[in-house]
Structures are given as C-alpha cells and as structure tokens.
Amino acid sequence: MNNLTVEAIELTRLYGGREAVSNVSFSVKQGEVLGFLGPNGAGKSTTMKMLTGNLAPSAGSVKICGIDMIENPKEAKALIGYLPEMRPLYKEFTVDEYLTIAARLHRVSSKHIKKAVENAKERCGLGHMSKRLIENLSNGYQQRVGIAQAIIHSPTVVILDEPTVGLDPIQIRDIRALIREIGGQHSVILSTHILPEVEMVCDHVQIIDKGKLVFNGGIDVLKRQRIGNKLLIGFNKTPTVEELLKIKGVTEAEIADNNMMRVRFAEGAAPHEAIVKAAVKNSWGLYQIAPDQTSLEDVFVQLTFHDAAAEAA
Ligand code: ADP
C-alpha cells in the first residue's frame, strides 16, 4: 500500500459548458501540507468541493486513502475534515455546544465526544473560550472554531479553503502556526491566493490558473523561482545598460519602474559589491540596491510560459 491520502485523477468541472477546473491531477502524502495557490476565480474552491465530495466532478475521480469518493462517499468523507470558504458556524451556540454538534455530525461515538471536543479546543487554542457564544468571538477565534470542527474526528485529511482570508496580521500568524501544527499529524490541503502564505506553511505547492495546473513541485523550487538572481537598483544618475553589463557577473540589465534598473546575474555570481564599487567610481549616485523578488503575477506568467513552451516542445 502506498502512503497517498488524496488522489485527484483528471478532475474536470464544467459550469454551463465552461471548464472551471480542467483535467487536474495530483496527490498528497501522509503528513504533507499541500498549498493550492491561484488567483481569484482560478478554480480552487471548485477543486476543494470536489475533493470533499460536496460537488460532483464532470469527469475524473477522487480517492481518499484509496477509497473512491463517488463509489463510497460515506467512507471517503469520514476521512476528511473540511473548512469551506464560508465558515459553517452556528453563531448562536457556545464553542462547546457547537463542537459537540460537529463531533456528532462527524459520527464520533457518544463516549468519545467530550474527549474529542477537549482535544480539538486544546489544539486550536480555544480552551478558555468554551462557554463563549461564537458570535461574540473575534474573527480569528471564529476561524479557530472552524478549524476545530474540521479536526474534531481526527481525520486523515484536513482541507482548508482560504483559511486566513479576512483576518488581521496577528490572527493570520496564529492560524498559520496552527496549520503547520496540524500538518504534523494529518495531511493538509490549503487553498490560498497569497504566495508568502504557501512559502511559510506548505511543503509542496500547486499553482492553478484558469482551471489548469501550471506548477506542481516542492516549495524550495518555487522559492528559487521567486527570488531568482535579480537586483533592483536605484541611481540618481542612471548608467546605461551597456555600462552595467560590463560589471563581472551581470548578465542582463533593463530599466524597471520608477527609473530603477533591474539587473540579472548568473547562478552563483554575486555582483553586488562590484556594482557598488562601479557606482562610486562613476558617481552614479547609488541610493538603493536590493534583491528583486518576483511578484505572484510574474511567477504565474513565467510558469504559464514554461508550461506552454513544454507543451510546444
Ligand atoms: P477560486 O476558488 O480559485 O476563486 P472558484 O473555484 O470559486 O475559484 O471558481 C472558478 C470559476 O468557476 C470562476 O470563473 C467562477 O466564476 C466559476 N464558478 C464557480 N462556482 C460557480 C457556479 N456555482 N456557477 C457558475 N460558475 C461558477
């Protein structure tokens, strides 16, 4: 037996004849945190809903620990904890009341419910909120309750759709730490449109764009692509491209936004000091030199380009 907890096999979903998700395949291993990244409308929620058995695929299949979602939905769903984008909270209940209902819905046996509620509260930092009405909790704490209901039955797979949307920076930091902690015991699939979130929380990342997977790989590979070998440099007296290309290690130079220069350098080269020396020698008025991180949009463009190039080859 392999240790794959989730297998999505050629998943496609049509809405009114339009493909919202197109032939998407991937798998998740035990204990892995997979980031599902893409801009709004890319098809993340649609994929999450198909993975959790809340939406039937137009084509393709989903297996949870080898169990087919269409053939055996009850067994497959029992292995999943899901936090949809719209939190399924009954706000007029207290945290304890709501988690007790969630445990029952997830078929936790009566004698284990109390323990399951305590355990989920402890893991989500909700111990001191037991008797509070959910509607009186902050957004971040409501999100913790949403995550607590997703893990209450100790599922093998936890699926979280945009879990940090609408939270403030401190709440976001806490929820990310919680997701990493959950990832130690369960497989987690997390959808987000925030690239740094994937870098902080996930081991593996998939990028979806217009319903198609355009990247599937380790987080290290993505980080390398994002950071790249680029510098963004500000000069008061901007040198020419030719002058910059004369500096050892510089392979490309171009004018970027705000009259800054973007310089690329060869893998392993570090032309920073040589650039500073040249700037001083030639009185270019250097006022800024910093790594130029690729934006999410640029990563998308690069990945889509690579994808198209690979297909054409
Ligand atoms: P994401 O979660 O990445 O923002 P979604 O999966 O929600 O993207 O949406 C993917 C595409 O499918 C979008 O173009 C969206 O407008 C469309 N879509 C989503 N749900 C429906 C629906 N119920 N009916 C018609 N189109 C839909």
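Residues numbered from 1 in each chain as written. Predicted model: local features only at pLDDT ≥ 70, side-chain atom pairs only at ≥ 80, totals over all residues. Heavy atoms only, no water.

1. Regarding the pairing of strand 1 (residues 4-15)
Formally: Here a strand pair is declared whenever DSSP counts at least two bridges between the two strands. In this text, helices come from DSSP runs of H or I with a minimum length of four residues, and strands from runs of E with a minimum of two, each type numbered from the N-terminal end.
Pairing geometry for strand 1 and strand 2 (residues 18-29), over eight bridges, is antiparallel. Paired with Arg 13 across the two strands is Val 21, which belongs to strand 2. Between strand 1 and strand 2, which pair antiparallel and follow one another directly, the connecting turn spans two residues, one of which, Gly 16, has a positive phi of 55°. Examined bridge by bridge, strand 1 and strand 4 (residues 59-64) share five bridges and lie antiparallel to one another.

2. Quick look at helix 3 (residues 95-105)
Short version of the rule: Think of it in three bands: with a 1.4 Å probe and only protein chains considered, a residue is buried below 20% of the maximum accessible area for its type, exposed above 50%, and partly exposed in between. It is the directions from the helix axis to the C-beta atoms that the arc portrays. Whether two residues are in contact is decided by their heavy atoms: any pair within 4.5 Å suffices.
For helix 3, every residue scored as buried is listed here: Val 95, Asp 96, Tyr 98, Leu 99, Ala 102 and Ala 103. Seen end-on, helix 3 carries its buried residues on one side only, within an arc spanning 165°. Of the exposed residues in helix 3, the ones pointing more than 90 degrees away from its buried face are Arg 104 and Leu 105. Among the structural elements, helix 4 (110-123) and helix 5 (139-151) are those in contact with the buried residues of helix 3. With its phi angle positive at about 60°, Arg 107 sits one or two positions after the end of helix 3.

3. Section: the sheet that holds strand 13 (residues 261-265)
Basically, it comes down to this: In this analysis an axis means a line fitted to C-alpha atoms, helices contributing only their contacting stretch, and an angle means the value between N-to-C directions, from 0 to 180 degrees.
Reading across the sheet, the four strands line up as 12-13-11-14 and stay open at both edges, with antiparallel pairing between neighbours. At either margin of the open sheet sits one strand with a lone partner, and together these are strand 12 (250-255) and strand 14 (286-291). Ignoring strand direction, the axes of neighbouring strands in this sheet form an average angle of 20°. In this structure, strand 11 (residues 230-235) lies alongside strand 13, joined through four bridges in antiparallel fashion. Bridge pairing in strand 13 places Leu 231 opposite Val 263.

4. Overview of the nonpolar core
This is how it is decided: Side-chain atoms within 4.5 Å are what join buried Ala, Val, Leu, Ile, Met, Phe, Trp, Tyr and Cys residues into a set we call a nonpolar core.
Membership of the largest hydrophobic core comes to 46 residues, with the highest contact counts inside it found for Leu 99, Val 145, Ile 147, Val 188, Val 205, Ile 207 and Leu 222. Core analysis: the next-biggest nonpolar cluster, separate from the first, contains 25 residues, Ala 8, Val 62, Met 69 and Ala 76 among them.

5. What about the site of the ligand?
How we decide: By convention in this text, a residue qualifies as near a molecule or strand provided that one of its non-hydrogen atoms is within 4 Å of it. Polar contact is defined as a pair of N or O atoms within 3.5 Å, subject to the rule that within protein one atom must be able to donate a hydrogen and the other to accept it, and that residues adjacent in sequence are counted only when both atoms are side-chain atoms. All accessible areas in this document rest on Shrake-Rupley with a 1.4 Å probe, and a residue is counted as covered only by the protein chains that are shown. Nonpolar residues are Ala, Val, Leu, Ile, Met, Phe, Trp, Tyr, Cys and Pro. Charged residues are Asp, Glu, Lys and Arg, and all others, Gly as well, are polar.
With respect to spatial proximity, the complete set of residues near the ligand consists of Tyr 15, Arg 18, Ala 20, Pro 39, Asn 40, Gly 41, Ala 42, Gly 43, Lys 44, Ser 45 and Thr 46. Here Gly 41 contributes a backbone N or O atom positioned 2.7 Å from an oxygen atom of the ligand. Interatomic distance of 2.7 Å between a backbone N/O atom of Ser 45 and an oxygen atom of the ligand. When isolated, the ligand has an accessible area of 560 Å², and the protein chains bury 60% of it. Counting only elements with at least two residues in the shell around the ligand, the list comes to strand 2 and helix 1 (44-51). Of the residues assigned to the shell around the ligand, the class counts are four nonpolar, five polar and two charged.

6. Some points on the domain arrangement of the chain
Let me state the cut-off plainly: Annotation comment: domain bounds sourced from an automatic or database domain assignment.
Segmenting the chain into domains produces domain 1 (4-217) and domain 2 (230-291). Between the C-alpha centres of domain 1 and domain 2 the distance comes to 45 Å.

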